[in-house]
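Residue strings, one per chain:
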Amino acid sequence: MTIFWKHGYEGSSLACLTDAMQINSPSLYSTFGSKEALFKEALDLYDREAGSPVAEILQNTPSAREAIASLLRASARCFCEPDRPAGCMVLLSALNCTPANAGVWQHLHERRLRSDALLRARLVRGVADGDIPATVDVQMLATFYIGVRQGMSMQALDGAGHDVLLGMAGAAMAAWDVLVSGAPPQPVATPASGTG
């Protein structure tokens, strides 16, 4: 898991993987069948270890606002733990793939969509519970907070520490009241031609 998380799917050579597991290549293939199958098992382990708090937070935190705040705080911790690679393995381990590994990218895309659906479902529940006005565009709200988490992951990869990520989380939660006010977000003005 750590090798794939640190180096990505394509950057993780069989030599690195077999060395980390202290096995030889034939053993890897006889046990897992392929590098891709091993990667999927590593993702399952990542989900159990790093991903399970996400589902638990979204399911068990009483208010939608606190669920999102707790999710962002937990992400800030997870993305920059000193004994682990930085960022989110599901997001970062195959951002781009060669055509030969398009199936790996697709698998990660589907995992990200499942994770996004959990967040969206929690916001929908917030509407049903009365935490979020029914006039709010839940898809927009979900997309915003999904984007914040993805940005936190990239910032961690680039060396941002826990305090920086918590600051991002705090800034994102400061936007909550505006986002759930029901007023449509204003588009960003395009600069006039010739300005920088």
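Here, the structure is the one placed above.
Residues numbered from 1 in each chain as written. Predicted model: local features only at pLDDT ≥ 70, side-chain atom pairs only at ≥ 80, totals over all residues. Heavy atoms only, no water.

(A) Summary view of the overall build of the chain. Within the chain, the secondary structure is distributed over 10 helices and 0 strands. The order of α-helices and β-strands along the chain, N terminus first, is α-α-α-α-α-α-α-α-α-α. Its C-alpha atoms give the chain principal-axis dimensions of about 60 × 50 × 30 Å. Looking at the 196 residues of the chain, the share that counts as buried comes to 37%. Pairs at least 24 apart in sequence give 67% of the contacts found in the chain among residues at least 6 apart. (Helix = DSSP H or I, 4+ residues; strand = E, 2+ residues; numbered from the N terminus. Buried < 20%, exposed > 50% of the residue type's maximum accessible area, 1.4 Å probe, protein only. Contact = heavy atoms within 4.5 Å.)

(B) Quick look at the packing of helix 4 (residues 35–60) against helix 5 (residues 64–79). Taken N-terminus to C-terminus, the directions of helix 4 and helix 5 make an angle of 160 degrees; their axes are 8 Å apart at the nearest point. Considering the angle they form, helix 4 stands roughly antiparallel to helix 5. Here helix 4 and helix 5 pass one another in a crossing that is right-handed. On helix 5, the residues that touch Y46, A50, V54, I57 and L58 of helix 4 are A67, I68, S70, L71, A74 and C78. Taken together, the residues of the contact of helix 4 with helix 5 break down into 10 nonpolar, 1 polar and no charged. (Axes fitted to C-alpha atoms, helices over the stretch in contact; angles between N-to-C directions. Parallel < 35°, antiparallel > 145°, perpendicular 65-115°, else oblique. Left-handed = near helix turned anticlockwise from the far one by under 90°. Nonpolar A, V, L, I, M, F, W, Y, C, P; charged D, E, K, R; others polar.)

(C) Region of the structure containing the state of the cysteines. Overall, the coordinates contain 0 disulfides when judged by the stated rule. Lacking any disulfide linkage, C16 is separated from the closest cysteine sulfur, that of C97, by 17 Å. (Disulfide = S-S within 2.5 Å.)

(D) Local environment of unusual backbone geometry. Located in the positive-phi region is Q22, a residue other than glycine, with phi close to 55 degrees. Here Q22 is to be found in the loop between helix 2 (14–21) and helix 3 (25–32).

(E) Quick peek at the environment of A64. Note that A64 resides in helix 5. For the pair A64 and R114, spaced 50 residues apart in sequence, the C-alpha to C-alpha distance is 18 Å. The residues contacting A64, other than those within four sequence positions of it, are R122, G126, D131, I132 and W176.

(F) Highlighting the nonpolar core. If you look at the biggest cluster of nonpolar residues, it comprises 53 residues, and the most contacted ones within it are I68, L72, L119, L123, L141, Y145 and W176. The set of elements that each furnish at least two residues to this core consists of helix 1 (2–11), helix 4, helix 5, helix 6 (89–92), helix 7 (102–129), helix 8 (138–157), helix 9 (162–174) and helix 10 (176–179). Among the elements that take part in this core, helix 5 stands out by supplying 10 residues, more than any other. Ignoring anything within four residues of it in the chain, the contact list for L119 reads L58, I68, L71, A142, Y145 and I146. (Core = buried A, V, L, I, M, F, W, Y, C linked by side-chain atoms within 4.5 Å.)

(G) Up close: a nonpolar patch on the surface. Where nonpolar side chains cluster on the molecular surface, the patch consists of L95, M154 and L157 and spans about 250 Å² of accessible area. By the secondary structure assignment, L95 is in the loop between helix 6 and helix 7. The partly exposed category is assigned to L95, whose relative accessible area is 42%. (Patch = residues over 30% accessible without salt bridge, like charges linked within 9 Å, V, L, I, M, F, W, Y side chains within 5 Å. Areas by Shrake-Rupley, 256 points an atom, 1.4 Å probe, with all protein chains shown as cover. Salt bridge = Lys/Arg side-chain N within 4 Å of Asp/Glu carboxyl O.)

(H) Representation of the packing of aromatic side chains in the model. One pass over the full model with this rule turns up 6 aromatic pairs. Each ring, one from F144 and one from Y145, has its centre 4.8 Å from the other, and the planes form 85 degrees; the classification is edge-to-face. The exposure class of F144 is partly exposed, given its relative accessible area of 31%. Ring centres of Y145 and W176 lie 5.9 Å apart, and the angle between their planes is 45 degrees; on these two criteria the pair is classed as tilted. Linking Y145 in helix 8 with W176 in helix 10, this pair joins segments that are 31 residues apart in sequence. Note on accessibility: Y145 and W176 belong to one class, buried. Of the aromatic side chains, those joined through ring pairs into one cluster are F4, Y9 and F39. One cation-aromatic arrangement involves K35 over Y9; the distance from NZ or CZ to the ring centre is 4.6 Å. For the cation-ring pair, R112 lies above W105, with the distance from its terminal atom to the ring centre recorded as 5.8 Å. (Phe/Tyr/Trp six-rings, centres within 6.5 Å; stacked < 30°, edge-to-face > 60°. Lys NZ or Arg CZ within 6 Å of the ring centre and 35° of its normal.)

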